[in-house]
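# Observations on the model geometry
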Number of protein chains: 2
Amino acid sequence: MIPKRLSREIIYESDWVSLYADKVEYPNGYILDRHHLVHFDYKSVAVVVKNEKDEVLLIKSNRYVTQSEEWEIPAGRVDNDEPSIKAATREVLEETGYTITDPQLIYKYNPSNGISDQVVAVYKANALKKEGQFDTLEVMDIKWVSKETVTKMITQNEIRCGLSLTGLMLVLFCGL
Amino acid sequence: MIPKRLSREIIYESDWVSLYADKVEYPNGYILDRHHLVHFDYKSVAVVVKNEKDEVLLIKSNRYVTQSEEWEIPAGRVDNDEPSIKAATREVLEETGYTITDPQLIYKYNPSNGISDQVVAVYKANALKKEGQFDTLEVMDIKWVSKETVTKMITQNEIRCGLSLTGLMLVLFCGL
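This is a predicted model, so every value here is computed, not measured.

### Some remarks on the overall build of chain A
- Helix and strand content of chain A: three helices and ten strands.
- Along chain A, helices and strands appear, N-terminal first, in the series β-β-β-β-β-β-β-α-β-β-β-α-α.
- The dimensions of chain A, computed from C-alpha atoms along their principal axes, are 55 × 30 × 30 Å.
- When each of the 176 residues of chain A is scored for burial, the buried share is 56%.
- At a minimum sequence separation of 6, the contacts of chain A that also span at least 24 residues come to 55%.

The following block contains the structure:
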């Protein structure tokens, strides 16, 4: 039994993000007049890239929203009509300069399902070759780290990007 | 070097969620005219609750936003001026009927830092006693599951709630 929409107020719509206030009826009959919903018209991808030494590729992002520098995995938005596996390959190249082989979809999840319908597809892949430089607009540095280093970073709460934390734990600790 | 705000258009403000379109200057000089930012004035908590058999407490949520039923851990919003440890205790009681002991903050992260400044504080705690019923507005059922069952659920991509996936992996697979 899923709550259903009775009506919708469109607060804002754009191709980056939309915001609605919906009137919603719950299975037990309760009516919530304004259930906010942050809508994304596109999926996101996040990619755990490994090399032959079983190290993982991290990027240092300069995040405007959180006003912080973050060690993350490559991630980004899937463009219109782009297969998400292509978006995964493209984002890794743009953000790290590496080409990848054998990208595999390992998980789909909603980062914040109480208010946002954003969907993240998590991929894992192997690094093939460094083809170029990373995009210096949002990426400040890249590095390869061992599983031990990632474990230490997580133990010390150093990975604060949810997509990165999720992807790294799925691959390194859940065997996906 | 962090991107900085040059100006802000307020699209919508409320005590649930706000939306801004900011003009942002990047460290390399690039100016982005509309960087959308979904702002939350409050923190969220998510709680991994264990019993003496080392099982984890899951709730079945009826999610309006994703139009789905989800197995999740108890989670919710921290009220104004409420310490987040109290919110953790309150949310577990409301969503499961259980009181808890020894709640410990184990992690803070941003579920979707490309666009949202939402902060989630992850707690772990021990179940003390079933004091009452769970709130039937959003919770349809509760159950205790073993680590093996959680592992299987994750391996089969059955946990789609990001807060739950993150909390469960931090406690069960990262030793936090």
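### Comments concerning the nonpolar core
- Residues Tyr107, Ile154 and Leu170 of chain A together with Tyr107, Ile154 and Leu170 of chain B are the most contacted members of the largest nonpolar core, which totals 56 residues.
- Every residue in contact with leucine 170 of chain B, bar those within four places of it in the chain, is listed here: Ile154, Leu165 and Met169 of chain A together with Ile106, Tyr107, Val122, Gly175 and Leu176 of chain B.
- Counting residues in each nonpolar core, the second largest holds 18 residues, with Ile11 and Val38 of chain A together with Val17 and Phe40 of chain B among its members.

### Some thoughts on empty space enclosed by the protein
- According to the stated counting rule, one finds two cavities of 30 Å³ or more in the structure shown.
- Around the largest cavity, the lining is made up of 14 residues, and of these Ser112 and Ser116 of chain A together with Phe40, Ser112 and Ser116 of chain B lie nearest the centre.
- Considered class by class, the residues forming the lining of the largest cavity number eight nonpolar, six polar and no charged.
- Roughly 30 Å³ of volume is contained in the second largest cavity.
- Around the second largest cavity, the lining residues are Val17, Ser18, Leu19 and Val38 of chain A together with Val17, Ser18, Leu19 and Val38 of chain B.
- Of all the secondary-structure elements, those providing two or more residues to the lining of the second largest cavity are β2 (18-25) of chain A together with β2 (18-25) of chain B.
- Across the lining of the second largest cavity, the residue classes break down as six nonpolar, two polar and no charged.

### Regarding the interface of chain B and chain A
- Listed as interface residues are 68 residues of chain B and, on the opposing side, 68 residues of chain A.
- Interface area for chain B against chain A, summed over the two sides, is near 5,400 Å², with a carbon-plus-sulfur share of 63%.
- For the chain B face of the interface with chain A, the top three residues by lost area are Tyr64, Val65 and Asn113 of chain B, together amounting to 15%.
- On inspection of chain B and its partner chain A, the count reaches zero salt bridges.
- Taken together, chain B and chain A are joined by 24 residue pairs in polar contact (both at pLDDT 80 or more).
- Where the side of chain B that touches chain A is concerned, the elements lending two or more residues are β1 (4-12), β2, β3 (31-39), β5 (56-63), β6 (68-72), β8 (98-109), α2 (147-155) and α3 (162-173) of chain B.

### Let's talk about the sheet that holds β1 of chain B
Residues and elements named next belong to chain B.
- Read from one edge to the other, the open sheet built from three strands follows the order β1-β2-β3, with strand pairing classed as antiparallel. Edge positions in the sheet fall to β1 and β3, since each has one partner strand and no second. Taken over all neighbouring pairs, the strand axes of this sheet differ in orientation by 25 degrees on average, direction set aside.

### Section: the relation of the copies chain B and chain A
- For the pair chain B and chain A, the relating rotation is 180 degrees, the translation along its axis is 0.0 Å, and the fit reaches an RMSD of 0.0 Å. Taken together, the rotation angle and the small translation identify this as a two-fold axis.

### Concerning the sheet that holds strand β3 (residues 31-39) of chain A
All names here are of chain A.
- Taken in spatial order, the three strands of this open sheet run β1-β2-β3, and their pairing is antiparallel. Edge positions in the open sheet fall to β1 (4-12) and β3, since each of these has one partner strand only. For this sheet the average axis-to-axis angle between neighbouring strands, irrespective of direction, equals 25 degrees.
- Pairing geometry for β1 and β2, over seven bridges, is antiparallel. Opposite serine 7, over in β2, you have lysine 23 as the bridge partner.

### Description of helix α3 (residues 162-173) of chain A
- An ideal rise of 1.5 Å per residue puts 16 Å on twelve residues; α3 of chain A measures up with 16 Å between its terminal C-alpha atoms.
- Most of α3 of chain A is tucked away: twelve of the twelve residues are buried.

### A word on the packing of aromatic side chains
Residue and element names in this part refer to chain A.
- Taken as a whole, this structure holds eight aromatic pairs over all chains when the rule is applied.
- Pairing phenylalanine 40 with tyrosine 42 gives two aromatic rings, centres 5.8 Å apart and planes at 80 degrees, and the pair type is edge-to-face.
- Residue phenylalanine 40 is classed as buried on the basis of its relative accessible area of 8%.
- Overall, tyrosine 42 belongs to the buried group, its relative accessible area being 12%.

### Concerning the pattern of salt bridges
Residues and elements named next belong to chain B.
- Counted under the stated rule, the structure contains 21 salt bridges over all chains.
- In this structure, arginine 90 and glutamate 82 form a salt bridge, with 2.7 Å as the shortest nitrogen-oxygen distance.
- Accessibility expressed as a relative area gives 17% for glutamate 82, which makes it buried.
- For the salt bridge of glutamate 94 with arginine 90, the shortest nitrogen-to-oxygen distance reads 3.4 Å.

### What about the environment of aspartate 141 of chain B?
All names here are of chain B.
- Within the secondary structure, aspartate 141 sits in strand β10 (residues 139-145).
- For the pair aspartate 141 and glutamate 82, spaced 59 residues apart in sequence, the C-alpha to C-alpha distance is 27 Å.
- Once residues within four sequence positions are removed from consideration, aspartate 141 is found in contact with Leu58, Ile59, Lys60, Trp71 and Phe134.

What counts and what doesn't
- Residues numbered from 1 in each chain as written.
- Chains lettered and ligands numbered in written order.
- Predicted model: local features only at pLDDT ≥ 70, side-chain atom pairs only at ≥ 80, totals over all residues.
- Heavy atoms only, no water.
- Helix = DSSP H or I, 4+ residues; strand = E, 2+ residues; numbered from the N terminus.
- Buried < 20%, exposed > 50% of the residue type's maximum accessible area, 1.4 Å probe, protein only.
- Contact = heavy atoms within 4.5 Å.
- Core = buried A, V, L, I, M, F, W, Y, C linked by side-chain atoms within 4.5 Å.
- 1 Å grid on protein atoms, 1.4 Å probe; cavity = no way out; pocket = protein on both sides within 12 Å on 5 of 7 lines; lining within 4 Å.
- Points joined across faces, edges and corners; volume = space filled by probe spheres on them.
- Nonpolar A, V, L, I, M, F, W, Y, C, P; charged D, E, K, R; others polar.
- Buried area = accessible area lost by both parts, 1.4 Å probe.
- Salt bridge = Lys/Arg side-chain N within 4 Å of Asp/Glu carboxyl O.
- Polar contact = N/O pair within 3.5 Å; in protein donor to acceptor, adjacent residues only side chain to side chain.
- Pairing = 2+ DSSP bridges.
- Axes fitted to C-alpha atoms, helices over the stretch in contact; angles between N-to-C directions.
- Least-squares fit on C-alpha atoms with pLDDT ≥ 70 in both.
- Expected span 1.5 Å × (residues − 1).
- Phe/Tyr/Trp six-rings, centres within 6.5 Å; stacked < 30°, edge-to-face > 60°.

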